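So you can see what is in the structure, the chains are spelled out below.
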Amino acid sequence: MDRAACQRLDQEDPLSRFRARFMSPKKDTIFLDANSMGAMPVTVPERLTSFCTDQWVELRRQGWTHSPWLQRPGQIGDAIAHLMGAGEGNVVVSDNTTVNLYKILTYAWRARSSGTLILTEDGNFPTDLYVAQGLGHAHQDQPKAHVCSSRSELVSRIGADTAVVYLSHADYRTGERWDMADINRRAHAAGALTVWDLSHSTGAIPVDLIGDDADFAVGCGYKYLSGGPGGPAYLWVHPRHAEKGWPTICGWMGHRDVFAFATKYEPLAGAGRHATGTPAVIADEIFFCAAEIWQEVDQNLLWAKHQALGDLTIELLEQECGPLGVTVNTPRDYRQRGGHIGFSHPGAGPVSEALLEAGVVGSFRRPNSLRFGLGPLYLSFEDIWEAIARLRQILEDNRWQDERFQQVSV
Ligand SMILES: Cc1ncc(COP(=O)(O)O)c(C=O)c1O
């Protein structure tokens, strides 16, 4: 594989037209951090300016009726639903991921048929683990979080005492993906429900919530989905659970008739009841710029390109940097891979600092792993070639050992 072969892949790429829909950095920087923060849609600056001048200044409170502020969460949810195999009307955009995890895990706990355990694994993201542990303190019927130390332990541990199996679809460190259909099957056979965190999946790898028979899902908006820094998160409830009870937080946006200002709470039909209070209107406006792009994207082409970018990254890391001490940690089998490629090097921290100086933005996780998150809509195959050529240079000339790279940022 060489640069010319990568350029040929770019010429044949059916998604290449989407690159121009995102801002390119002024400097010659290659951003490989889609697993942390996605690129900005080009429409954001103008949209925000017109939001401020035409809506906030001119409309003020009338914006609630004359602008789609209240409709945006549903519009965004519908625009991204196909990326996760969720039906329209079932994806609710609100709050942040942690709050949605709390809302949904509690709801799932109450909707369970039996069991006393929330079963998870230590590869789950810390906030996910904390939310599960916190539930044990917050509720009288004391759900207990059991944190398995390996994937095989989790699979063998699913049993009659399991109430909810609670996992991140793709591991935030290694990028390892769970077989969602298999876990859903095992959980249901034991009478348990499943809650999936899709933060490292949606917008990158195939997700089929209905087809794989999941129960609940949550994910963030700011990574692959390009919803903007601190952008709102989303949640999904399988329609069979949508009417099972009141939401965890009974807010007015989840009321059957918001502007009736009724004294008594009555839940909205469907998943919309999990909306809480006033939507984050400005943040939604930013996320909506990305949603306009997503609704045009054929998810099968997206997933195929993501797979090809991942295969190329692994091949080039091994070909160009394997002899220089790089080991790929992410599974080779695409069906087991998440949105990013993880690899290790004994000097990973200083290497990631040297990469930043060379204009390659990945991320570092202690003690010795690096991650390249692959955003299929705006990354080219040649970008991957160039990024790995720069990595090779840093390793070859031992630049990463310079004093100035030893102070490592997170
Ligand atoms: C898998 C996963 N879940 C949850 C979060 C955090 O969610 P939030 O800060 O939006 O609550 C992250 C953040 O990186 C994450 O990677």
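Predicted model, so just to flag it, every value in this text is computed and none were measured.

**Q** Would you explain the site of the ligand in this entry?
**A** The environment of the ligand is made up of Asn96, Thr97, Thr98, Phe125, Thr127, Asp128, Ser168, Asp197, Ser199, His200, Tyr222 and Lys223. In this structure, His200 approaches the ligand through a side-chain N or O atom, which is 2.8 Å from an oxygen atom. One nitrogen or oxygen atom from the side chain of Lys223 is found 2.6 Å from an oxygen atom belonging to the ligand. Contact with the protein chains covers 83% of the free accessible surface of the ligand, which is 400 Å². Looking at the shell around the ligand, the elements that each hand over two or more residues are helix H5 (97-111) and helix H6 (126-138). For the shell around the ligand, the per-class residue count stands at 2 nonpolar, 7 polar and 3 charged.

**Q** What should I look at first to understand helix H4 (residues 72-80) in this one?
**A** Each α-helix winds once per 3.6 residues, and so residues spaced three or four apart point in a common direction. Residues Arg72, Pro73, Ile76, Gly77, Ala79 and Ile80 constitute the buried set of H4. Buried residues of H4, viewed axially, fall in a sector of 165°; they line one side. Summarising the contacts, the buried residues of H4 are in contact with strand S2 (91-94), strand S8 (233-237) and helix H9 (281-294).

**Q** Before we go on, may I ask you to explain the domain arrangement of the protein in this structure?
**A** By convention, interface size is frequently given as the accessible area that disappears when the constituent parts associate. Domain boundaries in the protein define domain 1 (3-31 + 299-405) and domain 2 (47-294). Between the C-alpha centres of domain 1 and domain 2 the distance comes to 30 Å. Here domain 1 and domain 2 share an interface that buries about 1,800 Å² over both sides, 59% of which is from carbon and sulfur atoms. Considering only the side of domain 1, the residues that lose the most area to domain 2 are Gln299, Trp303 and His340, jointly responsible for 26% of the buried surface there. The interface formed by domain 1 and domain 2 holds 0 salt bridges in total.

**Q** Explain a nonpolar patch on the surface here, please?
**A** Nonpolar side chains collect at one region of the surface, where Met23, Met40 and Val42 lie side by side and expose about 230 Å² of accessible area between them. Note on placement: Met23 falls in the loop between helix H1 (3-11) and strand S1 (30-31). With relative accessibility at 42%, the residue Met23 sits in the partly exposed group.

**Q** Any chance you could explain the pattern of salt bridges here in plain terms?
**A** Close approach of charged atoms lets side chains of opposite charge pair. Tallying each qualifying case throughout the model produces 28 salt bridges. In this structure, Glu386 engages Arg3 in a salt bridge whose closest nitrogen and oxygen atoms are separated by 2.6 Å. Of this pair, Glu386 sits in helix H12 (residues 381-396) while Arg3 sits in helix H1; the two residues are 383 residues apart in sequence, bridging distant segments of the chain. What makes Arg3 partly exposed here is its relative accessible area of 29%. Through salt bridges with shared partners, a single ionic network connects Arg3, Asp28, Glu382, Glu386 and Arg390.

**Q** In this structure, what is going on with the environment of Ser199? I would like to understand it.
**A** With respect to the helices and strands, the residue Ser199 is situated in the loop between strand S6 (193-197) and strand S7 (216-219). Considered as a pair, Ser199 and Ala233 are 34 residues apart in the sequence and their alpha carbons are 8.9 Å apart. Once you skip the residues sitting within four places of it in the chain, Ser199 turns out to touch Thr97, Val218, Gly219, Cys220, Lys223 and Tyr224. Reaching out from Ser199, the side chain makes a polar contact with the side chain of Asp197 at a distance of 2.7 Å. At 3.2 Å, the side chain of Ser199 and the backbone nitrogen of Cys220 are in polar contact.

Conventions adopted
Residues numbered from 1 in each chain as written. Predicted model: local features only at pLDDT ≥ 70, side-chain atom pairs only at ≥ 80, totals over all residues. Heavy atoms only, no water. Near = heavy atom within 4 Å. Polar contact = N/O pair within 3.5 Å; in protein donor to acceptor, adjacent residues only side chain to side chain. Areas by Shrake-Rupley, 256 points an atom, 1.4 Å probe, with all protein chains shown as cover. Helix = DSSP H or I, 4+ residues; strand = E, 2+ residues; numbered from the N terminus. Nonpolar A, V, L, I, M, F, W, Y, C, P; charged D, E, K, R; others polar. Buried < 20%, exposed > 50% of the residue type's maximum accessible area, 1.4 Å probe, protein only. Arc of directions from axis to C-beta. Contact = heavy atoms within 4.5 Å. Domains from an automatic or database assignment. Buried area = accessible area lost by both parts, 1.4 Å probe. Salt bridge = Lys/Arg side-chain N within 4 Å of Asp/Glu carboxyl O. Patch = residues over 30% accessible without salt bridge, like charges linked within 9 Å, V, L, I, M, F, W, Y side chains within 5 Å.

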